[in-house]
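Overview (structure and organization)
What follows is the residue order along each chain.
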Amino acid sequence: MAGEGADEPFSMTGTLDGEGRVSEDKSLLHQKLAVQELMDTEISYLHMLRLCARDIRSRLQQLPQGDLDVLFSNIDDVIQVNSKLLHDLQETASTEEEQVQLIGNLFLEFQEELERVYKVYCANYGQALLLVETYRKEPELQREIQGIIEAVVPQAGPSGLSFLLVIPLQRVTRYPLLLQKILENTPPDACAYPILQRATSALQDVNANINEYKMRKEVASKYTRVEQLTLRERLARINTHTLTKKTTRLSQLLKQEAGLVPRTEDKEFDDLEERFHWVSLCVTELKSNVAVYLDNLEAFLRFRPHECDLDIPEGPVAQYCYLARELQLEVFLEFKQRLEGLVWRPLCSLAKTLAGPQNLIKKRLDKLLDFERVEEKLLEVGSVTYEEEATRHTYQALNSMLVAELPQFHQLTMQWLGQILHTFVALQQDLAKQVLQKAEGSSVQLPHHHVSEPDFRKLVEDVLGQTSDQLHSFRENFEKVLPPPTTQPLLPGAERQVQALLSKYGPGKLYQVTSSISGCGTLDLTVPRGQIVALLQNKDTKGNSSRWLVDTGGQRGYLPAGKLQLYHAIPSEEKFRGQVRSHEDSQPLTPEPILAPVSSVPTMTQVVAAYPFVARNSHEVSLQPGQPVTVLEAQDKKGNPEWSLVDVNGQRGYVPSSFLARTPGPAPWGWRLAS
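A few points on the structure. A quick note: this is a predicted structure, and the numbers were derived from the prediction, not measured. (Residues numbered from 1 in each chain as written. Predicted model: local features only at pLDDT ≥ 70, side-chain atom pairs only at ≥ 80, totals over all residues. Heavy atoms only, no water.)

What follows concerns the side chain of Gln328. On the secondary structure map, Gln328 appears in helix α13 (residues 316-353). One polar contact links the side chain of Gln328 to the main-chain carbonyl oxygen of Phe300, over a distance of 3.3 Å. (Helix = DSSP H or I, 4+ residues; strand = E, 2+ residues; numbered from the N terminus. Polar contact = N/O pair within 3.5 Å; in protein donor to acceptor, adjacent residues only side chain to side chain.)

What follows is the structure in structure tokens.
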């Protein structure tokens, strides 16, 4: 009996130890199964990602590249990170005793990389789903996509693209669960336990940060859109809710300006905003300058000196024209195309990318005013509504995203801007090299190639100065010789009527009709353009000074004063001049230029137009002052010397002989560089 009593405690202790070992072995088994599940699911997951990236994406060629970029996002980065993770996980299997601890350390090591790649993929997941929905509205396209997916991944089923796109989201959210399962089957006193705890918490933080980032991106995408709305569309959006919001924000802003409520200070954001505005200003100014540069280049390319007839002796002219044509049609044109493609278009794209952040910064101010109002209420009342809490979160998300991403945006913008400037400088250097190479052989054949640059510049300045003096002298002589007339000449046969009016009323009363008039009232006259009339009274019977009483030489009536112009006679015969000089109280006649007499103008003589003349029928030709004119016949068909048959720029017709003059320069003039 004593022996049985002594063996009983030993038997119970052995039983407890055995149960403990069984429980420990069971936990160890479950731990190994959890680790194996982590390994197996990681292998299967990575295999699925590679199928998406390699097989499915490459077969969806009917979709635009932009759609593929949205659908698969940064899946290549995800594959790269998870491949490294799987490789390191498989290496932990060589040390079973420390495998769990190594797994915990491994996830702590990959925490930042997993968050970096998965937050981008998850943020773009919403846009990818919108594309999938648009494909479902096109049955034929949807069938093609579904057939490709079922051929590669049969288990995708009818979900198709949606089944594949959600896999990375499911995987990143499953990591904490898998680590938690390993942790639950790890003894609390084991060395790996605290490491697994930190790893599980780290992966939970990764998911929380991804959700926060996704929410910020959704807020940003909502306010980044720059809508071009008409005034009607803007007015249509105004309602009681929007008016209340804007009124509240304005009230909050006025309180801050008046010092009634404090303004929220954020030095970090203020510095970032100021820097952003400076960058935006630099891009805007550069874009404006490049636009002006392109306009000037376009004007330069329109000028084609090689197509002009150069007034220089033959010899270097042909070589110069060849060089100018080659530069104009090849070098400069290629430079313009490269400038537009490598500088102007990237600069326009950069300017467009600034619109989104600029709109976000403006929206932040609105949300800040809403946030400050809610904070005041929270301090006064101690609670806020659900909508007001959402307002607080919206501002916090928007502000956090701007503070986090504006520095990266500044860095990328400055790199982009610097690359554009470097490209612009490189293009200028290439242009200079090409021009020098083209001109190297031609410049030797041009005159003065042996003259140094300062001496050549001085020579050109001297010759241009002399030529300028010649032009100035020619202009002065031409102005003295050729006073501009104020009237059109008369048609042959009208001189007799003009002489009658002139002898009856004097030159001070004669007016010429500037445009055809069709009378429609009582005593209103109908006269053609160019008709000469004599003024009888500068108002009508009612005292209206806009209607003048005139005499046409056969009729009397009223004409609009605005269509009458004082007529200056252009005499051509001495007898007619004598009649005009008899009127001493009349206005002086047009100054007589030193013209060659009409009768002395020989046939096929080169003269110039002294006055402007507008052709009034198909038998006449128009003239401009100073225009070269070739006299074919110094009289009309009836032998009247007052009209001459001329050739003007290939057009033949009659012009008044008194409108022609010989050039005053006694000697030929021009300019050339001295040898």
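Still more to cover.
What follows deals with the sheet that holds strand β4 (residues 556-560). The strands making up a sheet associate through backbone hydrogen bonding, with each pair oriented either parallel or antiparallel. An order of β4-β3-β2-β1-β5 is seen for the 5 strands of this open sheet, with the pairing classed as antiparallel. Looking at which strands have only one partner, the edges of the open sheet turn out to be β4 and β5 (564-566). Sheet twist, expressed as the average angle between the axes of neighbouring strands with direction ignored, equals 50 degrees. Bridge count for strand β1 (residues 510-513) against β5 is 3 bridges, and the pairing is antiparallel. Note that in β5 the partner of Tyr511 across the bridge is Leu566. Helix α17 (residues 495-505) contacts β1, β2 (532-537), β3 (547-551) and β4 of the sheet and is inclined by roughly 25 degrees relative to β2. (Pairing = 2+ DSSP bridges. Axes fitted to C-alpha atoms, helices over the stretch in contact; angles between N-to-C directions. Contact = heavy atoms within 4.5 Å.)

What follows deals with the pattern of salt bridges. All told, the structure shown has 21 salt bridges when counted by the stated rule. Of the charged contacts, one joins Glu388 and Lys377 as a salt bridge, the two residues approaching to 3.0 Å between their closest N and O atoms. Placement of Glu388 in helix α15 (residues 386-443) and of Lys377 in helix α14 (residues 355-381) is noted, with a sequence separation of 11 residues between them. Here Glu388 falls in the buried class, since its relative accessible area comes to 12%. Relative accessible area serves as the criterion here: at 29%, Lys377 is assigned to the partly exposed category. Among the salt bridges present, the one from Arg547 reaches Asp524, with a minimum N-O distance of 2.6 Å. Taken as a pair, Arg547 in strand β3 and Asp524 in the loop between β1 and β2 lie far apart in primary sequence, 23 residues in all. By relative accessible area, Asp524 is classed as partly exposed at 25%. Three or more residues joined by partner-sharing salt bridges are found here, namely Glu37, Arg174 and Lys181. (Salt bridge = Lys/Arg side-chain N within 4 Å of Asp/Glu carboxyl O. Buried < 20%, exposed > 50% of the residue type's maximum accessible area, 1.4 Å probe, protein only.)

Another point: helix α2 (residues 65-72). An α-helical turn contains 3.6 residues, so a residue and the one three or four places further along point in the same direction. Taken as a whole, α2 has its buried residues at Asp67, Leu68, Leu71 and Phe72. For α2, the arc enclosing every buried residue in end-on projection is 110 degrees, short of the 170-degree limit, so these residues lie on one face. One or two positions beyond α2, positive phi appears at Ser73, with a value near 45 degrees. (Arc of directions from axis to C-beta.)

This part covers the nonpolar core. Within the largest apolar cluster, 63 residues are counted, with the highest numbers of intra-cluster contacts made by Ile56, Leu71, Phe107 and Tyr118. Among all residues touching Ile56, those that are not within four sequence positions of it are Leu51, Phe72, Ile149, Val152, Val153 and Leu164. Leu323, Leu360, Phe409 and Ala439 belong to the second-largest nonpolar core, a separate cluster that totals 34 residues. (Core = buried A, V, L, I, M, F, W, Y, C linked by side-chain atoms within 4.5 Å.)

Okay, the packing of helix α12 (residues 267-302) against α14 next. Any two packed helices are characterised by the angle at which their axes cross and by the distance between the axes. Two numbers describe how α12 lies on α14: the axes approach to 11 Å, and their chain directions differ by 145 degrees. Relative to α14, the crossing made by α12 is left-handed. Side by side, α12 and α14 meet where Phe269, Glu273, Phe276 and Ser280 of the first sit next to Pro357, Gln358, Ile361 and Arg364 of the second. Class assignment of the residues belonging to the contact of α12 with α14 gives a composition of 4 nonpolar, 2 polar and 2 charged. (Left-handed = near helix turned anticlockwise from the far one by under 90°. Nonpolar A, V, L, I, M, F, W, Y, C, P; charged D, E, K, R; others polar.)

Attention now goes to unusual backbone geometry. Positive phi, close to 45 degrees, is recorded for Ser73, a residue that is not glycine. Looking at where Ser73 falls in the secondary structure, it is placed in the loop between α2 and α3 (75-91). Of note, Asn649 is a non-glycine position whose phi angle comes to about 55 degrees, a positive value. Its place among the elements puts Asn649 in the loop between β8 (643-648) and β9 (651-656). On the basis of relative accessible area, Asn649 is assigned to the exposed category, the value being 67%.

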